[in-house]
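Reading the structure
What follows is the residue order along each chain.
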Amino acid sequence: MNEKKITLPLTGMTCANCAANIERGVKKLDGVAEVSVNFASEKAAVAFDPQKLGVEDLIKKIEKTGYGVSTAKIEFPVTGMTCANCAINIERTLNKKVPGVLAAAVNFASERATVTYIPGVAGVEDMIAAVEKAGYGAIAPVEGLDAEDAEEQARRAEIRDQTHKFIVGVVFALPLFVLSMARDFGLIGTWSHAGWMNWFFFALATPVQFYTGWDYYKGGLKSLSNKSANMDVLVAMGSSVAYFYSLAVLLVPGFGTHVYFETSAVIITLIKLGKMLESRTKGRTGGAIRKLIGLQPKNAAVVREGIEIEIPITRVVVGDTVIVRPGERISVDGIVLAGESAVDESMLTGEPLPVDKQAGDMVVGGTINGHGLLRFTATRVGRETVLAQIIRLVQEAQGSKAPIQALADRVAAVFVPAVIGIALVVFVLWWIATGDFVPAMIRLVAVLVIACPCALGLATPTAIMAGTGKGAENGILFKNGAALEMATKLDTIVLDKTGTITLGKPTVSDVVAFDAVASDENRLLEMSAAVERGSEHPVGKAIVRAAHSRGIALEEPAEFKATGGMGVQALVHDRSVKVGKPKWFEEQSIDLRPAQDYIRTLQSQGKTVMMVVSDKVLCGLIAVSDALKPESKSAIAALHREKLKVVMLTGDNPETARSIAEQVGIDEVVSEVKPDEKSTKVKALQVEGRRVGMVGDGINDAPALAQADVGLAIGTGTDVAIETADVILSSGSLTGVPRTIAISRATMRTIKENLFWAFGYNIILIPIAAGILNPIDSLPHFLRQLHPIMAALAMAFSSISVVSNSLRLYKAKIS
């Protein structure tokens, strides 16, 4: 199947069962391979076959299920049209070629395009690029909403609607509650017992029931039509029982004397308050995304045809010369052409110290320029920038599900039907026990409204959102919730040496010539560097740099050949020259005795020794040292504090490897590992029963990163390693590893607390609402006879407590 993936922003969900409803409904569509709905982030990630259905079909199905998808509309001028067919062509291009565009209409007379699209899936830059590719021109709108702003505005509109309905509920329910309670406790005169008073209560309760509470009826009916039941069903049932019983008292003589309009009205108002506060609080869990989006400047100063102009960032193209002044945010990624400055990259790395930049250095969009003026050439724009990719990674991680959520999902799927069943059993038992309908009804309503599937649904995703957000603030990018959860279970961290523990920039420290063929150091460097010109290995590059630094002209090698992990060889001046590890030459029976003392001494200093042999004659040796990263020792000490065993994998010989391991405090060393053996070594550790996290940065680390339980890629490493890993340490610092473990453990601790609270809340309070404590006379009356209003209050704040607990992660101190 030619699979396509899309993330849709959703509206209208009230509990975890809503998410399950949407998943169930969308899965029924032919062509949908996978769908995951996150109740906390209110997004649906769908993988589908575009040959069988389109995005419009997905949206229609979601709307038919009873929910909505946030959409936005934008209008922009189009140029280059000559006839009505041009307009039709542009319409077809926008509708068919731009993912996320729902409807495009182009007016040939006014030369304007009006496009309805899904924020976050399609962007203005995508539409303009598609129009230009079709052979026309398009002008980016100066006014209007960004895609992300459109979604945010949709959320705010929803909160405003909830707030308005809550205010209406308070206006009618508050006087109803006060008057009803005052009458019940004899605080007002006998006039309050007149027949008209109950009708007055009815008049106050009805707007609350059918305006403030209408969303629950609508949502409940849609849920039931999908052969499911959500929180709306419980609220609608509970409040309706009290409301319609009271209405029956008014209409049917002899049915009863006491009305419970205040119960239904206050239940709805309190739950509406809870949902309103939950929406506001829940929105804060996505603060990391909004903060990242806020780092994107709106405009950029570019030089075109020798003139500096300011244009929207969406119009910057690769190759533009961009100017950034002191204190400004850098607009896009690029390479510095001129100027010197210090750039604050804390948004990318989590490290507070600014980084010096000069000609040839890379700058990243969203970072802040310091004191100098920089001119740079744009290399990545739009969705290709590092910041855009970070935002996408964080969004994907926040929309993913951790394995621990499976339990909550299974419970949520049967929760509401089970609660309805319990409520009906409680009603029947109390009616039989008391012979009175009213106490049984009160218990029924209390059970229905105190049950809260929302807390279960929010327990995991809100913590995942907060945890991944906290990680992003610290330069740690989790690709999904599964990686976040698995990181807590690791007991062994495997570190690649070069570029991970060391700086990855080896330099030649010693050159020792032995033979007349290489009569001095420069001649030895000339021979070895000529061979190494064909090598991509960091050690080989270090030898070439050393030769260049001495002004040595290098011969072009012939018949270059590399022996993986051992050395290289080539013809230089028609002589066979080999440069490699001592072990390689020992296997070839080359006499290395003249160099043994040098080898031992240099290796004990943690240096890598490369032998140079020409026509089977030992010519000399070159030692290369790679300085340790300043933070390596403290980072490994932090891993030890987290009770993790640290293993180093290296191609170096045992002596050099041990020397480095002793300097930084590594527990176990696996040396002389060939590049293609790294994943095998990781697998061997897993066979021993260890949970392994692999940290690496090179292309040859990719298989080991994939094999590990959690792969952590140094963000300054190769694209292949970054693509393969589960976690990206964008700072390039080893301190990111213990931070990753600390954040994942704090997040999982929060998830477990949330689940404990969510399960405990329902397990404890549903039986109390059912009256299990009624026989214990020593307990307070409000516990023995839990009033539905108290039950509604408890339900209203149960979800808020879970979300608030997740938000504490943002304040957690990560060392």
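Note that this is a predicted model, so its numbers are computed, not measured.

With that out of the way, let us pick up the sheet that holds strand β14 (residues 355-357). Within the open sheet, the 3 strands sit side by side as β14-β13-β16. Their pairing is antiparallel. Each edge of the sheet is formed by a strand with only one pairing partner; in this case those strands are β14 and β16 (368-369). As judged from the 2 bridges shared by strand β13 (residues 341-344) and β16, these two strands associate in the antiparallel manner. Within the sheet, the bridge partner assigned to valine 343 lies in β16 and is asparagine 369.

Quick look at a nonpolar patch on the surface now. Together, Trp199, Leu251, Val252 and Phe255 line one region of the surface with nonpolar side chains, adding up to about 390 Å² of accessible area. Take valine 252: it is sitting in the loop between α8 (231-251) and α9 (261-284).

All right, on to the packing of aromatic side chains then. Tallied over the full model, the rule gives 18 aromatic pairs. Ring geometry for tryptophan 214 and tyrosine 217: centres 6.1 Å apart, planes at 40°, overall tilted. With tryptophan 214 and tyrosine 217 both in helix α7 (residues 214-225), this residue pair falls 3 residues apart, about one helical turn. Relative accessible area serves as the criterion here: at 16%, tyrosine 217 is assigned to the buried category. Taken together through their ring pairs, the aromatic side chains of Trp199, Phe202, Phe210, Trp214, Tyr217, Tyr243, Phe244 and Phe261 make up a single cluster.

A few words now on the sheet that holds strand β25 (residues 617-625). If you trace the 6 strands from one edge of the open sheet to the other, you get β20-β25-β24-β23-β22-β21, paired in antiparallel fashion. With partners counted over all chains shown, the strands left at the sheet margins are β20 (507-513) and β21 (558-563), one partner each. Strand-to-strand, the axes of this sheet are offset by a mean angle of 20°, without reference to chain direction. Looking at chain direction, strand β24 (residues 608-614) and β25 are connected through 7 bridges and run antiparallel.

On to helix α24 (residues 678-687), then. Those residues of α24 that sit buried are Lys678, Ser679, Val682, Leu685 and Gln686. Projected down its long axis, α24 shows its buried positions confined to an angular sector of 115°, all on one face. Looking at α24, the residues exposed on the side facing more than 90 degrees away from the buried face are Thr680 and Val687. Against β19 (492-496), β26 (645-649), β27 (668-670), β28 (692-696) and α25 (702-707) lie the buried residues of α24. Positive backbone phi, at 95°, marks glycine 689, one or two positions downstream of α24.

With that settled, consider the pairing of strand β17 (residues 374-380). Judged from the 4 bridges that link them, strand β11 (residues 321-324) and β17 form a sheet pairing that is antiparallel. The partner of isoleucine 323 across the bridge, within β17, is arginine 375.

With respect to the secondary-structure elements, glutamate 23 resides in helix α1 (residues 16-27). Excluding anything up to four places from it in sequence, glutamate 23 contacts Val35, Ser36, Val37 and Lys401.

Its identity is not glycine, yet glutamate 42 carries a phi of approximately 55°, on the positive side. Within the secondary structure layout, glutamate 42 lies in the loop between β2 (32-38) and β3 (43-48). The buried category is assigned to glutamate 42, whose relative accessible area is 11%. Of note, lysine 616 is a non-glycine position whose phi angle comes to about 65°, a positive value. Within the secondary structure layout, lysine 616 lies in the loop between β24 and β25.

On to the nonpolar core. Ranked by size, the top nonpolar core spans 142 residues in total, and within it Leu8, Leu10, Met13, Val46, Leu58 and Ile493 carry the most contacts. At 14 residues, helix α27 (residues 736-770) tops the list of elements feeding residues into this core. Sequence-distant contacts of leucine 58, defined by excluding residues within four places in its chain, comprise Ile6, Leu8, Val26, Leu29, Val32, Val46, Phe48 and Leu53. Counting 30 residues, the second-largest nonpolar core is a separate cluster that includes Leu387, Val670, Val673 and Met694.

Conventions and cut-offs
- Position numbers for residues count from 1 along each chain, tracking the sequence in the order it is written.
- Predicted model: local features are reported for residues with pLDDT of at least 70 only, side-chain atom pairs are reported and counted for 80 or more only, and whole-chain, interface and lining totals are derived from all residues.
- Water and hydrogen atoms play no part in the side-chain values, which are based on all heavy atoms of the structure.
- By definition, two strands form a pair when at least two bridges between them are found by DSSP.
- The way it works is that DSSP assigns letters per residue, a run of H or I at least four long becomes a helix, a run of E at least two long becomes a strand, and they are numbered from the N terminus.
- Nonpolar side chains (Val, Leu, Ile, Met, Phe, Trp, Tyr) are joined into patches within 5 Å and like charges within 9 Å, using only residues with over 30% relative accessible area and no salt bridge.
- Only the protein chains shown count as cover for residues, with accessible areas throughout obtained via the Shrake-Rupley method and a probe of 1.4 Å.
- By salt bridge we mean one thing: a side-chain nitrogen of Lys or Arg within 4 Å of a carboxyl oxygen of Asp or Glu.
- Aromatic pairs are defined between Phe, Tyr and Trp rings, using the six-membered ring for Trp, whenever the two ring centres lie within 6.5 Å; interplanar angles under 30 degrees are classed as stacked, those over 60 as edge-to-face, and all others as tilted.
- Using a 1.4 Å probe on the protein chains alone, a residue whose accessible area is under 20% of its type maximum counts as buried, one over 50% counts as exposed, and one in between counts as partly exposed.
- Orientation is described by lines fitted to C-alpha atoms, with helices fitted over the stretch in contact, and by angles between N-to-C directions that extend from 0 to 180 degrees.
- As used here, the arc is the angular range of directions from the helix axis to the C-beta atoms.
- What makes two residues a contact is simply this: any of their non-hydrogen atoms within 4.5 Å.
- We define a nonpolar core as any set of buried Ala, Val, Leu, Ile, Met, Phe, Trp, Tyr and Cys residues linked to one another through side-chain atoms lying within 4.5 Å.

So far we have only geometry, and geometry alone does not tell us how the molecule works.
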